[in-house]
Amino acid sequence: MKNSGLNKWIAEWYEKYGDELNEMAHDIWAHPELGLKTYHAAEAALQFARTHGFPDAVKTKAGQGFGFCETGNAVIATYGSGKPVIGIIGELDALPGLGNEDVDHKAPIEGPGQGCGHNLIAGACMGAACALRYAMEKEGVSGTLKMVECPGEEVGRGKALLAKDGAFKDMDIAIMWHPGSGEFSTEPQHPLTVMAGTFEFHGKSAHAAGAPWNGRSALDAVQLMNMGSEFLREHVKTECRMHYQITNGGSAPNIVPDYASVKYFCRALHNDVVKDLYERVVRNAEGAAHMTDTKLDANLIFIIPYFYENKPLCKHLDAVSRVIPEIEYTPEEIQWAKNLTTAYTGEPAPEKLEDLLPFSKKEYEEWGVGTTCTDTADISYFCPTAHIHGGGEIKAAPGHHWTVTACSGSTIGMKAMQRAGKVLAQGGLEALYDQSVIDECWKYFKSLNIPSYDEVYSLPIHDIQEA
Ligand SMILES: [Zn+2]
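Residues numbered from 1 in each chain as written. Predicted model: local features only at pLDDT ≥ 70, side-chain atom pairs only at ≥ 80, totals over all residues. Heavy atoms only, no water.

**A few points about the domain arrangement of the protein**
Okay, step 1: Domains assigned within the protein are domain 1 (8-191 + 307-463) and domain 2 (193-303).
Okay, step 2: Domain 1 and domain 2 are separated by 35 Å when their C-alpha centres are compared.
Okay, step 3: Listed by partner, the interface residues are twelve residues for domain 1 and ten residues for domain 2.
Okay, step 4: Summed over both sides, the interface between domain 1 and domain 2 buries roughly 970 Å², with carbon and sulfur atoms accounting for 57% of that surface.
Okay, step 5: Seen at the junction of domain 1 and domain 2, the total is zero salt bridges.
Okay, step 6: The interface formed by domain 1 and domain 2 includes one residue pair in polar contact (both at pLDDT 80 or more).
Okay, step 7: For the side of domain 1 that touches domain 2, the per-class residue count stands at eight nonpolar, three polar and one charged. (Domains from an automatic or database assignment. Contact = heavy atoms within 4.5 Å. Buried area = accessible area lost by both parts, 1.4 Å probe. Salt bridge = Lys/Arg side-chain N within 4 Å of Asp/Glu carboxyl O. Polar contact = N/O pair within 3.5 Å; in protein donor to acceptor, adjacent residues only side chain to side chain. Nonpolar A, V, L, I, M, F, W, Y, C, P; charged D, E, K, R; others polar.)

As structure tokens, then:
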């Protein structure tokens, strides 16, 4: 059945339930939740799954083993039995401070927002799983479908916690989609690895004017540490990134702060490079504590290891994506996209449609240039994994931005979500029909000599729950 066009049952499912799917994605958009606190989103996804062919779907709490949990932040649903096991992955969490109405201009809503479009990921995953299940039942296809809607991508930990629970270890392939302002593409990326830590300094408080000599400033330590990092930048590999946020800088200028803290994300392309970078940042912090006579409390809060994306799987999805009809935008949507573009850039919007909105990428490239990162990397240690991407946003949208929040609640976002879901469903179905697809993915997977997950995760960061 390879490349014979979109399967009629998958198409029929989207015909019948596409609007309901949009409602679920919009419901998650309208209730943005941070990090691991994706309770509303998990409940919305659970109810949708249970009424669309997964009566046994469960909410679970990532990192605390499986089993129904009323305050769950993740959803797991399975259908069928035996091999192969097709994993379809979604995400549920939002970003802080990016709330915006789903309108064609800046209209902030206080609080978090779907500034990375994860509600669309949730909908693409859900639609793909439901449509694939529908097709499997209609055609009597054997094998297992497993859908996992995950929390906490933006805090780098959701999938690591679910991995600890064993959510991905029985999968033969795992596939997902992430929206973006670029063209829809299945090409594998080079995402960065991450080590993130908090650095807390404890000093001695004093009157900043009356008796500063009695104080030991924790903020001085933070500043000296950051200055050390700035000098360090010159002496690290070009693939390295360091960003920090002062999370506590004291309470008033006239009080020598006895407490100050800073959060760091260190990123690099490779596991060993990021580890070296992080260790050097820790030594900076130790030096700063020494200089200021303060006490340092350093804690690694999460790791996102190297993402071993699977080329044959990406290629398989590329072939599949070419038979899924392209998105058609209405004149109203095009005007909406133009207005939003101008609202953000302050410039006239591009006249050419392909400069305004993303479509499918024409050429498949072996490796794209990825500079961001994703905890989908955690899945790639267990099975061939593909993270396809692009579409659902105006081309002018920068990542993690209010324009993305606006698009993620709009029909532009929903159309990309549905098309991506069809690619995932069709890709899963063709893999169920043709074992050679999975065999090829595994041949490549084994050739990578991927270290064991336990080896990469030799730190007790699995146990951190708050975020
Ligand atoms: Zn994202």
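There's more to say after this.
**Description of the pattern of salt bridges**
Okay, step 1: Tallied over the full model, the rule gives 17 salt bridges.
Okay, step 2: Glu230 is paired through a salt bridge with Arg233; the nearest N and O atoms lie 2.8 Å apart.
Okay, step 3: Take Arg233: its relative accessible area is 34%, and that puts it in the partly exposed class.
Okay, step 4: Note that Glu351 is salt-bridged to Lys338, the shortest N-O span being 3.4 Å. With a gap of 13 residues between them, Glu351 in the loop between helix 8 (331-345) and helix 9 (353-356) and Lys338 in helix 8 connect regions that are remote in the sequence.
Okay, step 5: The class of Lys338 is buried, set by a relative accessible area of 17%. (Buried < 20%, exposed > 50% of the residue type's maximum accessible area, 1.4 Å probe, protein only. Helix = DSSP H or I, 4+ residues; strand = E, 2+ residues; numbered from the N terminus.)

**Structural notes on the coordination of the zinc ion**
Okay, step 1: Only Cys116 (SG), His118 (NE2) and His178 (NE2) from the protein coordinate the zinc ion, and they sit 2.1 to 2.3 Å from it.
Okay, step 2: Sequence spacing of the donors to the zinc ion: C-x1-H-x59-H. Of the two residues, Cys116 is situated in the loop between strand 3 (85-91) and helix 3 (118-139) and His178 in strand 5 (residues 173-185); the sequence distance between them amounts to 62 residues. His178 shares its class with Cys116; the two are buried. (Donors = N, O, S within 2.8 Å, 3.2 Å for Na, K, Ca; no water.)

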